[in-house]
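# Fold and contact review
Below are the chains, spelled out letter by letter.
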Amino acid sequence: MTEFVNFHEATIRLAFFFGILLLIGLLEILAPRRPLTTSKVSRWFGNLGVVVISTVLVRIVFPVTAVQLAFWVDQKGWGMFNALDLPYGMVVLVSIILLDFIIYLQHVMFHAVPTLWRLHMMHHADLDYDLTTGIRFHPIEILISMVIKFGAIVVLGAPALAVVLFEVILNGMAMFNHGNFYIPLGLDRVLRSFVVTPDMHRVHHSVFPSETNSNYGFNLSWWDRIMGTYRAQPRLGHEGMTIGLNQFRDPSKLTLLWMLILPFVGKQGTYAINRRGTKDEG
C-alpha cells in the first residue's frame, strides 16, 4: 500500500479533487441552497486561478511533498508514533484525527494574529459561498500552511498513508462544507454531530465578526464544540445572512489580481478574534 501511495500520490489526489469538484458542482446546480449574488464565471476564474498559482508556488518553494516527507520521517524513525509500539491502523487513524485538530488550531491562529488575518481575509472576502470558496486561499497562506503541516508530520511521525488520506479528505471536505447545495435539516443535524456541514460552516462566512469567529473546523465538528467556538445557526438565517466582509463589497474589485494584493492594500476591519467581544460593525 505504501509503495502504491508513493508512486501514485499525484494521481490519487487529482482524481479525488476533480471527482469531488464535479459532484459538488452538480449538486449546486440541482439543489442550490442560496441564490448567487455575483457572476459565477468571474468568481470561479479568480478562485480557481489562485489554486493554480498556489500549486505552482508550492512546487517551486518545497522540494518534497508532504507524503514524501512522511516517508523520509519514517525512514529516520522520527516522531511520536515511531517511538510507540502501536498497531499500524490505529496510528493512521489517530494521525488523521490529530492532523485535523492541528488544522483547526491553525485556522484559529489565522483569525487571531492580525498579520495572518490579513492573508486569510482573501478567503473571507468572497461575496458568495460555493465549492470554490473552499479552495480560495492566498498563496502565502498556503506556504505557511505547508510549513505547519510539515512540522506536524515530523513531530507526529505520521505515516505516509495517513498523510495522503488526510490531504484527500481535507480537500474534499473543504469543497463539501463550502458547497452551495441543500441538505435536509434533519440529515444536517445528524451529519454535523460528526462532520462539518455546509450549513454549519457557512456561519463562519457571515459579515458579522461574532459569527466569523466561530465554526473553524473543516472536517470533524468536534473541535468547535470542545473548544467553545461552535455556533449552530446565523442570526439572520441562511437565506437572509450576508456572505463576506463588510469592508469588501464591490464585486468589480474582487478580481484575481485584487485577490492577490488584498492582504497588502485592503482594510483589515475588526474581524480579528481578539475583538470578538466588540459589536458587529465589521
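Here the structure is a predicted model, which means the values were calculated and not measured.

## Observations concerning the pattern of salt bridges
For the coordinates displayed, the defined rule picks out 11 salt bridges. Among the ionic pairs, E167 bridges to R13, the shortest N-O distance being 2.8 Å. Taken together, the residues E167 in helix 7 (residues 160-177) and R13 in helix 1 (residues 2-30) connect sequence positions 154 residues apart. The partner of D126 in a salt bridge is R136, with the nearest N and O atoms 3.8 Å apart. Taken together, the residues D126 in the loop between helix 5 (114-124) and helix 6 (139-156) and R136 in the loop between helix 5 and helix 6 connect sequence positions 10 residues apart. No difference in accessibility class separates D126 from R136, as the two residues are buried. Through salt bridges that share partners, E9, R13, K149 and E167 make up one connected network.

## Focus on helix 5
Of all 11 residues making up helix 5, 8 are buried, and the element is well covered by its neighbours. When we look at burial in helix 5, the residues that qualify are L116, W117, L119, H120, M121, M122, H123 and H124.

## Some points on the packing of helix 4 (residues 88-112) against helix 7
Working note: a packed helix pair is described by the angle between its axes plus the distance between those axes. Relative orientation of the contacting elements helix 4 and helix 7 amounts to 45°, with a least axis distance of 9 Å. In terms of orientation, helix 4 lies oblique with respect to helix 7. Note that helix 4 runs across helix 7; the crossing there is right-handed. Between helix 4, through Y88, V92, S95, I96, L99, D100 and I103, and helix 7, the contact on the second element is made entirely by L161, A162, L165, F166 and L170. Of the residues assigned to the contact of helix 4 with helix 7, the class counts are 10 nonpolar, 1 polar and 1 charged.

Calculation notes
- Each residue is numbered by its place in its chain's sequence as written, counting from 1.
- For this predicted model, a pLDDT threshold of at least 70 governs which residues receive local features, and a threshold of 80 or more governs which side-chain atom pairs are given and counted, while totals over whole chains, interfaces and linings are taken from all residues.
- Side-chain metrics rest on all non-hydrogen atoms present in the structure, leaving aside hydrogens and water.
- Each salt bridge in this description consists of a side-chain nitrogen of Lys or Arg and a carboxyl oxygen of Asp or Glu lying within 4 Å of one another.
- By definition, any uninterrupted DSSP run of H or I lasting at least four residues is a helix, any uninterrupted run of E lasting at least two residues is a strand, and each is numbered from the N terminus.
- Categorising residues by exposure relies on relative accessible area from a 1.4 Å probe, with only protein chains included: less than 20% of the type maximum marks a residue as buried, more than 50% marks it as exposed, and the intermediate range marks it as partly exposed.
- Here, axes are lines fitted to C-alpha atoms. For helices the fit covers the stretch in contact, and angles between N-to-C directions go from 0 to 180 degrees.
- Angles are sorted into four bins: roughly parallel if under 35 degrees, roughly antiparallel if over 145, roughly perpendicular if 65 to 115, and oblique for all others.
- Left-handed describes a crossing in which the near helix is turned anticlockwise from the far one by less than a right angle; the clockwise case is right-handed.
- The contact definition used throughout considers only heavy atoms, calling two residues in contact when any of these lie within 4.5 Å.
- Think of it as three bins: nonpolar holds Ala, Val, Leu, Ile, Met, Phe, Trp, Tyr, Cys and Pro, charged holds Asp, Glu, Lys and Arg, and polar takes everything else, Gly as well.

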